[in-house]
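# Chain and residue survey
The lines below spell out each chain.
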Amino acid sequence: MDMTRIRDHMVEHHVVGRGIHDQNVTRAMRMVPREKFVDPGFEEFAYEDAPLAIGEGQTISQPFIVALMIEKADLDAGDKVLEVGTGSGYASALISRIARHVYSVERHERLALQARERFERLGYCNIDVRVGDGSKGWAKAAPFDAIIVSAGAPEVPAALKEQLDLGGRLIIPVGGGEEQRLKRITRTGPATFEEEDLGGVLFVPLIGEDAWTAAHPMYT
Ligand code: SAM
């Protein structure tokens, strides 16, 4: 199978074709082999615009949504970025091809270790992965130019807002139930934030101290 051609087709059809024009994002998507971030046996489905199971009841997100979140984070080459919810590692890998450094937090140890191995194998050496509760952010590495949360929170966790640099952007799905609203929170001053609604999305829950509890109905 010619993965480069299939990947280019996915970018043209599902990403550019649906309105994502940020060249940083489309270049990164043409570069990162999504088939290396899915479970063995699922490679042939890697370039469909759909989430796929990755174990632990979690998913690698749909490529279009990942592209949208990264585009809305408005990344620059010098940026330091936090991703909450490493999962397969695919979104962190894309961000690492655009930004200076990525800090990525995942609550499931197996997923975090697997993502770290994938980054090493691909030679993506500007990503640090930690096992833990990303609803508390990553205080030691803060402040961040951007924070992307790849799981749905009941409310915007205070720690994530606090860990944004001035002008920093936080992209996060927020809301009860299975569907959330994708929000962009921009830090406009030491204690001021601007909030925008980017539309409806569907994410697995963010489970943590400043998020849903493990008793969430979708929790497995
Ligand atoms: N970005 C991922 C990718 O590219 O494959 C997909 C993320 S998946 C939709 C959401 C991830 O968030 C899951 O792996 C889940 O275990 C993780 N997660 C949920 N709550 C978390 C928390 N409080 N801290 C860190 N990770 C969390």
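As a convention, each chain's residues are numbered from 1 in the sequence order in which they are written. Residues qualify for local features only when their pLDDT is at least 70, as the model is predicted, and side-chain atom pairs are given and counted only at 80 or more; totals for whole chains, interfaces and linings, by contrast, use all residues. Calculated side-chain values reflect all of the structure's heavy atoms, with hydrogen atoms and water omitted.

## Some thoughts on the nonpolar core
What counts here: Only buried Ala, Val, Leu, Ile, Met, Phe, Trp, Tyr and Cys residues count toward a nonpolar core, and they belong to the same one when joined by side-chain atoms within 4.5 Å. We call a residue buried when its accessible area falls under 20% of the maximum for its residue type, exposed when it is over 50%, and partly exposed in between, using a 1.4 Å probe and counting protein chains only. A run of H or I in DSSP counts as a helix once it spans at least four residues, and a run of E counts as a strand once it spans at least two, with each numbered from the N terminus. By definition, residues are in contact when any of their heavy atoms lie within 4.5 Å.
Core analysis: the biggest nonpolar cluster contains 47 residues, and Met29, Ile70, Leu75, Tyr90, Leu94, Ile95 and Phe119 have the highest contact counts within it. Looking at this core, the elements that each hand over two or more residues are α1 (3–15), α2 (23–31), β1 (52–55), α3 (63–73), α4 (90–96), α5 (109–122), β5 (127–131) and β6 (144–149). Tallying contributions element by element places α3 first for this core, with eight residues. The residues contacting Ile95, other than those within four sequence positions of it, are Ile70, Leu75, Val81, Glu83, Val102 and Ile148.

## Concerning the site of the ligand
In plain terms, the rule: Near is defined per residue: the residue qualifies when any heavy atom it owns lies within 4 Å of the molecule or strand. Identification of polar contacts relies on pairs of N or O atoms within 3.5 Å, with a donor-acceptor requirement for protein atoms, meaning one able to donate a hydrogen and the other able to accept it, and with residues adjacent in sequence counted only if both atoms are side-chain atoms. Here, Shrake-Rupley sampling with a 1.4 Å probe gives the accessible areas, and only protein chains in the shown set may cover a residue. Residue polarity is assigned by list, with Asp, Glu, Lys and Arg as charged and Ala, Val, Leu, Ile, Met, Phe, Trp, Tyr, Cys and Pro as nonpolar; anything else, Gly included, falls into the polar class.
With respect to spatial proximity, 27 residues lie near the ligand, and among them Glu83, Ser88, Glu106, Gly134 and Ile207 are the closest. Between a nitrogen atom of the ligand and a side-chain N or O atom of Ser150, the distance comes to 3.4 Å. Here a nitrogen atom of the ligand sits 2.6 Å away from a polar atom, N or O, in the main chain of Ile207. About the coverage of the ligand: the protein hides 99% of its 600 Å² of free accessible area. Elements that contribute at least two residues to the shell around the ligand include exactly β2 (58–60), α4 and β4 (101–106). It is β2 that contributes the most residues to the shell around the ligand, three residues altogether. Grouping the constituent residues of the shell around the ligand by class yields ten nonpolar, 13 polar and four charged.

## As for the pattern of salt bridges
Counted only if it meets this: For this document, the term salt bridge refers to a Lys or Arg side-chain nitrogen within 4 Å of an Asp or Glu carboxyl oxygen.
Under the criterion given, the structure shown has eleven salt bridges. Note that Arg7 and Glu35 form a salt bridge whose closest N and O atoms lie 3.2 Å from each other. Linking Arg7 in helix α1 with Glu35 in the loop between α2 and β1, this pair joins segments that are 28 residues apart in sequence. The pair formed by Arg7 and Glu35 is uniform in burial state, with each residue classed as buried. The shortest N-O distance in the salt bridge between Arg30 and Glu12 comes to 2.7 Å. Pair noted here: Arg30 is in helix α2 and Glu12 is in helix α1, with a separation of 18 residues, a long-range link. Arg30 sits in the partly exposed class, given a relative accessible area of 31%. Where salt bridges share partners, they join Asp8, Glu12 and Arg30 into one cluster.

In short, geometric facts, not functional conclusions.
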